[in-house]
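Structure assessment
Okay, here's what each chain looks like letter by letter:
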Amino acid sequence: MPTPLQPPAERALARPRRRRLAAVAALGALLAVGAAALLGLRPPAPLRADAPVEAFSAERAYTHLETIAAQTHVAGSPAAERARRHIEEALRKLGLTPETQDTVGGEAGQLSGGAGGATLARVRNVVARLPGTAPTGRIFLVAHYDSVQVGPGGNDDAAGTSAILEVARALTAGPRPRNDIVFVLTDAEEACLCGAAAFAADHPLAADGGVVLNLEARGSSGPVIMFETSRRNAGLVDVFGRAAPHPVGTSFAVEIYRLLPNDTDFTAFLDNGFTGLNSAYIDGAALYHTPLDTPAAVHRGSLQQHGDNTLALAREFGAVDLAGLPAGGDATYFPVPGGLVRYPGWLTWPLTVLALLAVAALGWLSRRRGYLSWPRLGAGLGLVLVPLLVAPAGAYLLWAAVTTIRPGYATLLDPYRPLWYRLAVLALAAAVLFGWYALTRRRTGPAALAVAGLGWLAVLGVPLALLAPGGAYLTTLPALAGAVAGLTALAVRAESPVAVVAVTAGAAVGVLLLLPTVVLLFPALGMAMGAVAALVAVLLGLAALPVLDLLHPAAGGQRGMAALRARRAAAVPALAAALGTVICAGVGLAVDRFDAAHPVPTHLMYALDADTGTARWLSAETDPQPWTDRYVDGPARVGGQFPLLGGEPLRAGPAQPAALPPPRLDLLTDTGPAGPRTLRVRLLPQRPVRLATLGVDPATATVRGATVAGRPVEVGAGTDFSVVFHAPPPEGIEIELRVEPVGGGAVRLRATDGSDGLTGLPGFRPRPPGVGVVGAHDSELVLVTRTYTL
């Protein structure tokens with residue numbers, strides 16, 4: 001027979017007699033689990049230069065990094081050539097025979113700002129092979145050695161390049177591997193992934209594919225996260241889990257990255273049928289793609305982790321039978337202290353269904369034992385939506401308030417010193433959860449709220465299993481563990497210590513899985529998306545509700561002043577967390593001020609139209625900083641004059657014309673003038689530039705086919721067509737266009753080239769201390785354009 005219902009506030013899954021002691025013990029256990037989980041994410045200590053020869057040393061790698069990132073070395077620049085020569089010489093000293101793949105690389109449809117076209121580059125990849133003793137395949141260690149145009153790229157990606165050079169040294173110092181290991185240091189990744197695309201598509205060593213380990217960075221510190229894999233990754237993940245000494249990675253990150261429009265060199269290899277793993281460290285993203293990304297900004301521990309994992313994986317993949325490496329499906333995996341938990345992806349749905357059934361069983365048994373009623377459980381399910389919605393909304397509004405006070409944050413991926421802001425979001429999520437629980441606990445009951453919280457965790461596992469199966473574990477496993485813990489507590493007396501141990505163990509699973517996720521989400525998404533971290537923090541709180549309930553006094557049956565004191569005591573955690581939110585946000589504003597070492601980012605370009613002799617300052621800042629505001633005023637669309645910039649509105653202001661020569665366009669052959677025409681032209685910049693573009697005015701002709709530097713390129717379905725060529729050679733670029741003139745008339749072509757650096761332009765004043773450069777590919781760009789009529 002069902003047990004009669006008890007007073008709502010007494011319906012807790014665990015009601016120990018010594019409540020305070022139980023609360024301290026349970027919370028202490030969860031804090032210990034959380035600390036262990038977070039310590040497992042810390043990068044290792046860097047090894048010194050006198051480390052054993054078979055080991056990876058961050059200090060040895062750093063000597064290469066200092067040389068490669070001594071200055072900005074964008075693709076095609078003299079500095080990039082010096083970096084390439086250093087890489088070749090370092091590999092040659094190891095007894096390898098490096099070669100330079102000097103070619104044109106690119107893919108159709110990569111043009112920024114055109115409806116159709118192509119982005120290409122002249123690339124100089126450095127390639128060296130360590131032959132295996134009995135190869136069953138090849139392993140490719142990949143990083144790009146070029147930087148963006150405004151910074152030296154100490155982290156992105158001199159760190160990856162120097163790590164590979166140190167890994168190569170360690171591998172050549174030991175026994176030869178079974179399988180070939182190919183070191184690929186690519187060019188022009190920042191421009192268009194063109195170096196990787198050229199290698200993967202055209203190099204003889206890439207003909208049979210293989211396993212790629214790509215090294216990247218989108219920040220300056222933090223753990224190295226294996227965030228992307230090829231499809232059917234179970235075998236690869238198994239090797240990663242057992243071989244990498246610091247295996248930080250989650251299948252949830254892989255699922256999210258697959259949904260995003262982001263690319264690295266790894267993309268070019270995937271497109272050409274390779275398998276592999278992509279890893280990067282991502283904290284400290286305020287420095288990303290800026291002049292502050294110097295060798296001094298590189299965290300040695302992150303560099304050590306990159307190298308340790310890459311060396312261990314190269315040795316393991318170098319020893320196994322690559323042809324027999326199990327493919328299977330995608331694995332589910334996540335880090336825990338001391339390793340990486342992984343299981344087959346096909347278990348996702350069984351675990352999701354089991355979690356739903358376990359929570360349903362907990363609800364049924366709780367009802368039968370008198371801990372809740374169906375109406376109260378229904379009310380609990382509705383009430384749980386409150387913190388799930390309010391906490392993310394509050395985090396969004398919090399950051400909106402901060403950016404109103406400090407508008408410069410709007411153009412940063414993350415603040416320079418984000419810790420206090422992250423703590424503010426966590427405190428806000430805690431305030432919402434504690435306040436909600438204090439207000440609903442007495443009427444709805446702890447058991448009903450606990451079961452409802454687990455119910456939502458289990459239900460959320462369903463859409464995750466459908467849309468991002470690698471992330472379903474985040475809610476399914478805490479719900480399953482919590483349900484099993486609740487059933488265990490119901491099997492014993494609620495006053496028994498066993499009940500406290502059971503609910504603590506169930507909550508510990510949630511802490512183990514969700515706390516690292518919260519911590520990793522902050523640098524991955526930035527403070528602008530702090531609402532996501534707040535949501536996951538609330539899910540963690542729901543998984544731990546039976547333990548959090550121990551913070552509340554047993555108030556059942558109390559009346560008068562005793563009940564008032566109980567309600568006041570219940571409100572203390574919420575008030576403390578709310579106060580913590582305000583304090584942390586205030587400290588963040590006080591600590592993370594813009595100064596010479598942490599400048600406010602600004603964006604400015606210069607565009608000269610040689611047809612009209614007019615020039616403009618341009619900026620992508622929607623709300624210009626005071627420094628930028630001196631150059632630009634109202635919005636303008638300049639895509640017609642400068643197709644490279646696309647159709648988005650920019651801020652523009654008048655500028656003095658500079659004495660800059662436009663690119664020259666030489667007509668080599670023309671099958672016209674009547675009917676379809678084949679135009680062969682040479683685009684020749686008249687000054688040192690980073691890129692050159694040629695666009696066809698769609699009002700004068702439709703492009704049916706194109707060849708650039710001897711490479712056929714795909715023509716999109718749209719009427720617009722442009723070619724962007726990075727690192728153009730001194731002799732220029734030969735382009736063949738097959739066009740149908742409109743009405744049989746002349747064809748207008750728009751030739752543009754772009755260099756970097758505004759210093760020396762008339763009217764430009766250098767930025768003062770405290771004003772920096774936005775990390776964008778068009779920051780400091782100087783464009784010169786001219787129209788040619790053929």
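Residues numbered from 1 in each chain as written. Predicted model: local features only at pLDDT ≥ 70, side-chain atom pairs only at ≥ 80, totals over all residues. Heavy atoms only, no water.

Considering the overall build of the protein chain
Scanning the protein chain from terminus to terminus reveals 20 helices and 25 strands. Along the first, second and third principal axes, the C-alpha set of the protein chain runs to 95 × 65 × 50 Å. Within the protein chain, the proportion of its 790 residues that are buried is 57%. Once local pairs closer than 6 in sequence are excluded, the contacts in the protein chain between residues at least 24 apart make up 80%. (Helix = DSSP H or I, 4+ residues; strand = E, 2+ residues; numbered from the N terminus. Buried < 20%, exposed > 50% of the residue type's maximum accessible area, 1.4 Å probe, protein only. Contact = heavy atoms within 4.5 Å.)

Points about a nonpolar patch on the surface
Among the surface-exposed residues, W349, V353, L357, L466 and L467 lie close enough to one another that they form a single nonpolar patch of about 540 Å² accessible area. Only α11 (348-368) and α14 (446-467) provide two or more residues apiece to the nonpolar patch. The dominant element in the nonpolar patch, judged by the number of residues it contributes, is α11, at 3 residues. Following the sequence through the fold, V353 ends up in helix α11. (Patch = residues over 30% accessible without salt bridge, like charges linked within 9 Å, V, L, I, M, F, W, Y side chains within 5 Å. Areas by Shrake-Rupley, 256 points an atom, 1.4 Å probe, with all protein chains shown as cover. Salt bridge = Lys/Arg side-chain N within 4 Å of Asp/Glu carboxyl O.)

Remarks on the confidence of the model for the protein chain
Across the protein chain, the average pLDDT comes to 92, with 95% of residues at 70 or higher. Here residues 108-115 is modelled with pLDDT under 50, and outside its nearest four sequence neighbours on either side it reaches 22 contacts, counting other chains as well. (pLDDT = per-residue confidence, 0-100.)

Some details on helix α13 (residues 419-444)
In this model α13 runs 36 Å from its N-terminal to its C-terminal C-alpha over 26 residues, within 8% of the 38 Å that 1.5 Å per residue would give. Taking the largest bend as the criterion, α13 deviates by roughly 30 degrees, centred on A438. With its phi angle positive at about 100 degrees, G445 sits one or two positions after the end of α13. (Expected span 1.5 Å × (residues − 1). Bend = angle between axes of the 7 residues up to and from the residue.)

What to know about the sheet that holds strand β22 (residues 733-741)
If you trace the 5 strands from one edge of the open sheet to the other, you get β16-β17-β22-β19-β20, paired in antiparallel fashion. Of all the strands in the sheet, the pair left with one neighbour each is β16 (664-670) and β20 (711-713). When the angles between neighbouring strand axes are averaged without regard to direction, this sheet yields 30 degrees. Relative to β20, strand β19 (residues 701-708) runs antiparallel, the two sharing 3 bridges. Looking across to β20, one finds that A706 is bridged to V713. (Pairing = 2+ DSSP bridges. Axes fitted to C-alpha atoms, helices over the stretch in contact; angles between N-to-C directions.)

Quick notes on unusual backbone geometry
In this chain, D156 is followed by D157 through a cis amide linkage whose omega measures 5 degrees. Position of D157 relative to the elements: it lies in helix α4 (residues 154-173). Of note in the backbone geometry, H289 takes a positive phi value of approximately 60 degrees without being a glycine. Tracing the backbone shows H289 in the loop between β8 (275-283) and α10 (300-319).

Overview of the environment of R616
Here R616 is to be found in strand β13 (residues 614-619). In this structure the C-alpha to C-alpha distance between R616 and V638, which are 22 residues apart in sequence, comes to 9.9 Å. Apart from residues no more than four positions distant in its own chain, R616 is found in contact with M605, Y606, A607, A636, V638, Q641, A652, G653 and A655. A polar side-chain atom of R616 sits 2.6 Å from a polar atom in the side chain of Q641. (Polar contact = N/O pair within 3.5 Å; in protein donor to acceptor, adjacent residues only side chain to side chain.)

Looking at the state of the cysteines
Taken as a whole and judged by the stated rule, the model has 1 disulfide. Paired by a disulfide, C192 and C194 hold their sulfur atoms 1.9 Å apart. Disulfide C192-C194: the torsion about the S-S bond is -130 degrees, which places it as left-handed. Judged by its relative accessible area of 6%, C192 falls in the buried class. (Disulfide = S-S within 2.5 Å.)

A word on the pairing of β22
Along β22, the buried face is formed by I733, I735, L737, V739 and P741; none of E734, E736, R738 and E740, which line the opposite face, is buried. Sheet topology note: the β19/β22 ladder contains 7 bridges and is antiparallel. Looking at the pairing, G705 lines up with R738 of β22.

A short note on the pattern of salt bridges
Applying the stated criterion to the full structure yields 35 salt bridges. A salt bridge links R48 to D50; its shortest N-O distance comes to 3.1 Å. Classification of R48 by relative accessible area gives exposed; the value is 57%. In this structure, R122 and D102 form a salt bridge, with 2.8 Å as the shortest nitrogen-oxygen distance. Taken together, the positions of R122 in strand β2 (residues 117-130) and D102 in strand β1 (residues 99-108) put the pair 20 residues apart, joining distant regions of the chain.

Considering the packing of aromatic side chains
In total, this model carries 18 aromatic pairs according to the counting rule given. Residues W436 and Y437 carry aromatic rings whose centres are separated by 6.1 Å and whose planes lie at 45 degrees to one another, so their mutual orientation is tilted. Centre to centre, the rings of W627 and Y631 are 5.1 Å apart; their planes meet at 55 degrees, and the pair counts as tilted. With relative accessibility at 6%, the residue W627 sits in the buried group. Within the aromatic cluster, the residues linked to one another by ring pairs are W399, Y409, Y416, Y421 and F594. Taking the ring centre of Y62 as reference, the NZ or CZ of R300 above it sits at 3.6 Å. (Phe/Tyr/Trp six-rings, centres within 6.5 Å; stacked < 30°, edge-to-face > 60°. Lys NZ or Arg CZ within 6 Å of the ring centre and 35° of its normal.)

A closer look at the environment of T72
On the secondary structure map, T72 appears in the loop between α2 (58-68) and α3 (78-93). Taking the relative accessible area as the measure of exposure, T72 reaches 31% and is therefore partly exposed. Taking C-alpha positions, T72 is 20 Å from A596, a pair spaced 524 residues apart along the chain. Here G151 takes part through its backbone oxygen, which lies 3.4 Å from a polar atom of the side chain of T72.

Focus on the nonpolar core
The nonpolar side chains of a soluble globular protein tend to be buried with one another. Formed by 92 residues in total, the largest nonpolar core has its most connected members in W436, Y473 and L542. Look past the residues within four positions of L542 in its chain and what remains in contact with it is V384, L388, L433, W436 and G453. (Core = buried A, V, L, I, M, F, W, Y, C linked by side-chain atoms within 4.5 Å.)

Concerning helix α1 (residues 19-39)
Its 21 residues place the ends of α1 30 Å apart at the C-alpha level, agreeing with the 30 Å of an ideal helix rising 1.5 Å per residue. Taken residue by residue, α1 has R19, A22, A23, A26, L30, G34 and A37 as its buried positions. Along the axis of α1, the buried positions cluster into a sector of 100 degrees, meaning they face one direction only. Counted as exposed and oriented over 90 degrees from the buried face of α1: R20, V24, L31 and L39. Buried residues along α1 sit in contact with α13, α16 (497-525) and α18 (545-548). (Arc of directions from axis to C-beta.)

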